[in-house]
Amino acid sequence: MNDLNKNSIDQSIAVKPISKRVFAKFLDVLAEDEEMQDIASRLKVLLLEKDILSEAAIKEALFPEPKL
Amino acid sequence: MIKVKQIRIHEFRGIRDLTLNLEEKNFAVCGPNGTGKSGVVDALEFALTGEISRLSGKGTGGLSVKSHGPHVDSRNNLENSFVEVELSISHISESVSISRTVKDLNTPTISPNTPEILSAISEAALHPELVLSRREIIRYVLSEPGKRSEEIQALLRLHEIDEIRSILQKISNAAKRDCDNKKTIKEKAVQAVCQTLGIAKLDAAELLQSVNEKRQLLNLTPINTFTPEVSIKDGLITASSQSGLSRISKKQARDALQAIRNHYLLKEDPTWQVQVASAVTDLQALKADADTLQHTKKESLLRSALDMFDENLCPVCETQWKPEDFRQHIKEKLQHYKEVTEKRQSIEKQLAPIAAQLQKMSLLLKQINFGHLLEPTLSIDGITAAAQSYEQSAQSLQGVLPLEKAEESLMIAADFIDINDILKAFEDAIAGLPEPSAQDAARDYLVVGNEKILEFRQANADHKVAEYKSITAKTVLDIYGEITTNALETIYKEVEDSLVELYRIINKEDESAFRAELKPSIGKLGFNVDFYGRGFFPPGAYHSEGHQDGMGLCLYLALMRHLSGADFTFAVLDDVVMSVDAHHRREVCHLLKTQFPNTQFVITTHDRIWLQHMQSEGLIEKRACAHFRKWDVNNGPVEWDERDIWEEIAGNLESNNIEIAAGLLRRYLEHISQEICYRLGASVRFRGDAQYTLGDTLPPAFSKMKKLLREAKVTAQSWDQINKTTQILALEEAFKNELQKTEVDKWQINAAVHYNAWATLHKNEFQIVVTNYKNILNLFRCETCSSLLYISPPDGPRDSLKCSCGEISFTLKQKPKVNAQAIA
């Protein structure tokens, strides 16, 4: 392997789109704040699992309305 | 992830029917302009994505895949226009085929169609960037920062990051606005509590003292601690038969009416009058720019237009402009917007206190809601209408626009609404009420006070929730902003580093210290490159077009490496190095071969020499190319009958075209002898016009080979390498024999055997010449990898004579001689 390949990004994570890698990092840091853990979990479902990026869904993830 | 094994193109673009076997290897498509190379590129893109980027984007108005994808004679028979590709997918063992017709371009037939394969094909379809043409190079390298950012963000698929940032920003702004509103409501509720209970500030001790005085008058137990559950009227309803809810508190009513009277005095205040008059004057002055005010969004459009301007056409209306005129025009407009915006901000500040007073008047009037409790009853319609009018006026002044509404509101602020008669009627009616007893007053105090406390508690709770949401939304946004900014900076830094390394490889002789800067900012991506240590400049500033092509190629490769990593397995380079000179093309071959060994490149070129470079550098195998000779609308591209030069020569010999065969041999020998001289470091007589003939290069090439073999033999003997010595001796002997047959070494002294005479030879005579050259040139190649032998390193003291695969590796460093005397 040449130097350039050694220095290049981790091939195993390169498969994931860059935006998803950035989202994952953001959610990890967000979850480090104890008060933000629930929000991080809900956002994770949207951004990484279901690929839902709508404003309404994200707002609901931040401030869920109580289910009456 | 994918590699192409075979493609069949039928009635598509300029091609009638063509099958190419790519065999998952690098492949070249060569031919003069207009012979159908682009048709192959379009077909590959179409098969994988359903798109043809050549038919979309700027300057392609009116073109579409449906209308212009089929061969011109099949434009009414769309199902007959199709492309079939056979692929391999890295993690799937079986071959996959995709067949896509222009008729159903979005629904290809994929076989097998397992979910895993469909997912892989969908992923590939998301990468229209698999084709790099000079068009993309210009977009990446030479475009304005805003446009470049768009292009590269689209290529890296980063738009989702911006989308989420925008959504979080919106949520945070809305939460902040809501929090501010709730805070205002809470502050008003506090004021109402204090005013009703007659206390200076909302302090529990002061409140309890005042409340307990009133409770004592009513023989109610005092409240010791003021908690959220406590009601200051606890025990009141059971202690008295009067609820107090249907009575008018004379004092409260009187105070409310007096507060309105007091507020109306503002109208006579000279300071207020000046304040309102001044606002009227400024507002009227602003009316001259009413249109500008209503289209402030145009400002961002103008800024984008500046970014997107291509030095020729306006990006909005495509009107042609001189660059300096366009910039001046937009600059003047932006300056005007700036001035108007400043005026608007100034008047907003002027209007804010006036709006606040009108809002207060509205609230005061709304307290006069007891007309139905009076005897006789009094209508509050006039009061309600005035309250609404004040409230609407306050809102108009806060929004400024439309200016006419704001102007009307200022008239109300100047004159106030005349409600004197209504107020007088209420004042008289209240004055006629009997004075309340101390107990009645205490009861009113507790009942109304409790209502205000409840309102305050609700407002306080609402504010707390809004505050939590505002802080939470801001925290999430801040963390997101920090992470994404760092991530994008890291991504661009990695791409920048990769670009620099790749570019240095193809320009190691003249720009080994090359540096570049990719600087992201909001919505833009700056790209500057070092120019021989003289500073950083845009790529188009000083670098030649050839260097710019090199930069574009390297930036593309760096981006693709970052985007796809190990999945960067397929790319089409569509005539992208046409401005790059022969030497740097060799380095491009080396770069692609060594840095991207797992990527299948399909490379188009109109330059036959570039094709030969790719072959001689081992980037593409000899038969891994389609060589188009001509094209016509009826038949499409026509390939050379033989793809190998020797077959081509043999074909001409067969047809007794000695002159053509001789010309082919001479041109090939000119090319290959220059290659050999370059690789073996042969000394060639310098020519000022750089027009080297075969006589200049072939003899030194053969002579150098002879010399190197001799050196290699002596060296192998010095190291006692018996097998190596035997191998070299055999090669040397073969070379010597073939050399004698070609008689190249006699060219300088015997013009009769010179190549100029080939065209006059008979078929059989020339056949011998061809065979001799073919045999000797084979000795310059490795039998295993077919690459030409070369000396390593190319510069400085030589270490060895070798081939690309290592099968041939003859050291040229002799064993040092031992000094016998020194040992003794």
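Residues numbered from 1 in each chain as written. Chains lettered and ligands numbered in written order. Predicted model: local features only at pLDDT ≥ 70, side-chain atom pairs only at ≥ 80, totals over all residues. Heavy atoms only, no water.

Some details on the overall build of chain A
Along the backbone of chain A there are five helices and zero strands. Secondary structure elements of chain A, listed N to C terminal, follow the sequence α-α-α-α-α. In chain A, which comprises 68 residues, the proportion classed as buried is 38%. Counting only contacts in chain A whose residues sit at least 6 apart along the sequence, the fraction spanning at least 24 positions is 16%. As displayed, chain A has an accessible area near 4200 Å², and 52% of this comes from carbon and sulfur atoms. (Helix = DSSP H or I, 4+ residues; strand = E, 2+ residues; numbered from the N terminus. Buried < 20%, exposed > 50% of the residue type's maximum accessible area, 1.4 Å probe, protein only. Contact = heavy atoms within 4.5 Å. Areas by Shrake-Rupley, 256 points an atom, 1.4 Å probe, with all protein chains shown as cover.)

Notes on the side chain of Thr605 of chain B
Relative to the elements of secondary structure, Thr605 of chain B occurs in strand E12 (residues 600-605). Setting aside residues no more than four positions away along its own chain, Thr605 of chain B makes contact with Val29, Cys30, Gly31, Lys37, Asp575, Trp610, Leu611 and Met614 of chain B.

A word on the packing of helix H22 (residues 645-654) of chain B against helix H23 (residues 658-680) of chain B
Residues and elements named next belong to chain B. Close contact between H22 and H23 brings their axes to 7 Å; oriented N to C, the two are set at 160°. As judged from the angle between their axes, H22 and H23 are roughly antiparallel. Every pair of crossing elements has a handedness; the one defined by H22 and H23 is left-handed. Contact residues: H22 offers Ile645, Trp646, Glu648, Ile649, Asn652 and Leu653, while H23 offers Ile658, Ile660, Ala661, Leu664, Leu665 and Tyr668. For the contact of H22 with H23, a count of residues per class yields ten nonpolar, one polar and one charged. (Axes fitted to C-alpha atoms, helices over the stretch in contact; angles between N-to-C directions. Parallel < 35°, antiparallel > 145°, perpendicular 65-115°, else oblique. Left-handed = near helix turned anticlockwise from the far one by under 90°. Nonpolar A, V, L, I, M, F, W, Y, C, P; charged D, E, K, R; others polar.)

Describing the packing of aromatic side chains
Residues and elements named next belong to chain B. Evaluated as defined, the whole model comprises 20 aromatic pairs over all chains. Taking the centre distance of 6.2 Å and the plane angle of 80° together, the rings of Trp272 and Phe416 count as edge-to-face. Here Trp272 is found in helix H10 (residues 270-286), whereas its partner Phe416 is found in the loop between helix H15 (403-415) and helix H16 (420-431), with 144 residues between them in sequence. Assigned by exposure class, Trp272 and Phe416 land together as buried. With a centroid separation of 4.8 Å and 90° between ring planes, the pair formed by Phe537 and Tyr542 is classed as edge-to-face. The ring of Tyr445 is capped by Lys214, whose NZ or CZ atom sits 4.7 Å from the centre of that ring. The ring of Tyr678 carries the charged tip of Arg586 above its face, separated from the ring centre by 4.0 Å. (Phe/Tyr/Trp six-rings, centres within 6.5 Å; stacked < 30°, edge-to-face > 60°. Lys NZ or Arg CZ within 6 Å of the ring centre and 35° of its normal.)

Some thoughts on the interface of chain A and chain B
At the junction of the two partners, chain A supplies 31 residues and chain B supplies 34 residues. Both faces considered, chain A and chain B share a buried interface measuring about 3000 Å² in area, 73% of it formed by carbon and sulfur atoms. Close ionic contact of Lys170 of chain B with Glu55 of chain A constitutes a salt bridge, the shortest N to O distance being 3.0 Å. At the junction of chain A with chain B, the criterion picks out two residue pairs in polar contact (both at pLDDT 80 or more). Secondary-structure elements contributing two or more residues to the side of chain A that touches chain B are helix H1 (3-7), helix H2 (11-14), helix H3 (18-32), helix H4 (37-50) and helix H5 (55-62) of chain A. For the side of chain A that touches chain B, the element with the highest residue contribution is H3 of chain A, accounting for ten residues. Its residues placed into classes, the side of chain A that touches chain B shows 17 nonpolar, seven polar and seven charged. (Buried area = accessible area lost by both parts, 1.4 Å probe. Salt bridge = Lys/Arg side-chain N within 4 Å of Asp/Glu carboxyl O. Polar contact = N/O pair within 3.5 Å; in protein donor to acceptor, adjacent residues only side chain to side chain.)

A look at the pattern of salt bridges
All names here are of chain B. Enumeration according to the criterion identifies 34 salt bridges over all chains in this entry. A salt bridge links Lys366 to Glu391; its shortest N-O distance comes to 2.9 Å. Residue Lys366 is located in helix H13 (residues 323-366), and its partner Glu391 is located in helix H14 (residues 381-399); the two are separated by 25 residues in the primary sequence. A residue is classified by how much of its surface remains accessible, and Lys366, at 42% relative accessible area, is partly exposed. Of the residues examined, Glu391 reaches a relative accessible area of 22% and is grouped as partly exposed. Residues participating in the shared-partner salt-bridge network are Arg586, Glu617, Glu675 and Arg679.

Observations regarding the confidence of the model for chain B
Fine structural detail should not be taken from predicted coordinates in areas where pLDDT scores are low. Model confidence for chain B is summarised by a mean pLDDT of 84, while 91% of its residues fall at 70 or above. Low pLDDT, under 50, characterises residues 238-246 of chain B; the predicted model gives this stretch eight contacts beyond four residues in sequence or across chains. (pLDDT = per-residue confidence, 0-100.)

Thoughts on the nonpolar core
Grouped together as the largest cluster of nonpolar side chains are 85 residues, with contacts concentrated most on Phe26 of chain A together with Leu557 of chain B. It is helix H17 (residues 438-506) of chain B that contributes the most residues to this core, 17 residues altogether. Counting 47 residues, the second-largest nonpolar core is a separate cluster that includes Trp646, Ala712, Phe780 and Cys782 of chain B. (Core = buried A, V, L, I, M, F, W, Y, C linked by side-chain atoms within 4.5 Å.)

Details of the pairing of strand E4 (residues 82-89) of chain B
All names here are of chain B. Counting buried positions along E4 yields six of eight residues, so the element is predominantly enclosed. When strand E1 (residues 2-12) meets E4, the two strands line up antiparallel, connected through eight bridges. Note that in E4 the partner of Val4 across the bridge is Leu87. Once E4 ends, the chain turns through two residues before running back antiparallel as strand E5 (residues 92-101). (Pairing = 2+ DSSP bridges.)

Some remarks on a positive patch on the surface
Judged by side-chain charge, Lys706, Lys707, Arg710 and Lys736 of chain B come together as a positively charged surface patch. Locating Lys707 of chain B in the fold gives a position in helix H24 (residues 694-718). (Patch = residues over 30% accessible without salt bridge, like charges linked within 9 Å, V, L, I, M, F, W, Y side chains within 5 Å. Lys, Arg positive; Asp, Glu negative; His and termini not counted. Charge placed at Lys NZ, Arg CZ, Asp CG, Glu CD.)

As for the pairing of E5 of chain B
Residue and element names in this part refer to chain B. In this sheet, E5 lies alongside E4 in antiparallel orientation, the contact comprising seven bridges. Note that in E5 the partner of Ile89 across the bridge is Ile92. One ladder, built from three bridges, connects E5 with strand E6 (residues 109-111); its direction is antiparallel. Bridging from a neighbouring strand, Ser99 pairs with Thr109 of E6.

Some remarks on a nonpolar patch on the surface
Where nonpolar side chains cluster on the molecular surface, the patch consists of Val72, Trp631 and Val633 of chain B and spans about 230 Å² of accessible area. Looking at where Val633 of chain B falls in the secondary structure, it is placed in the loop between strand E13 (625-632) and strand E14 (636-639).

Remarks on the environment of Tyr480 of chain B
Checked against the element boundaries, Tyr480 of chain B lands in helix H17. The exposure class assigned to Tyr480 of chain B is buried, which follows from its relative accessible area of 0%. Linking Tyr480 of chain B and Ile161 of chain B, residues 319 residues apart in sequence, is a C-alpha distance of 9.4 Å. Residues contacting Tyr480 of chain B, with those up to four places away along its chain left out, are Phe23 and Phe26 of chain A together with Glu160, Ile161, Ile164, Arg165 and Leu168 of chain B. Within the local environment of Tyr480 of chain B, its side chain forms a polar contact with the backbone oxygen of Ile161 of chain B, the two atoms lying 2.8 Å apart.

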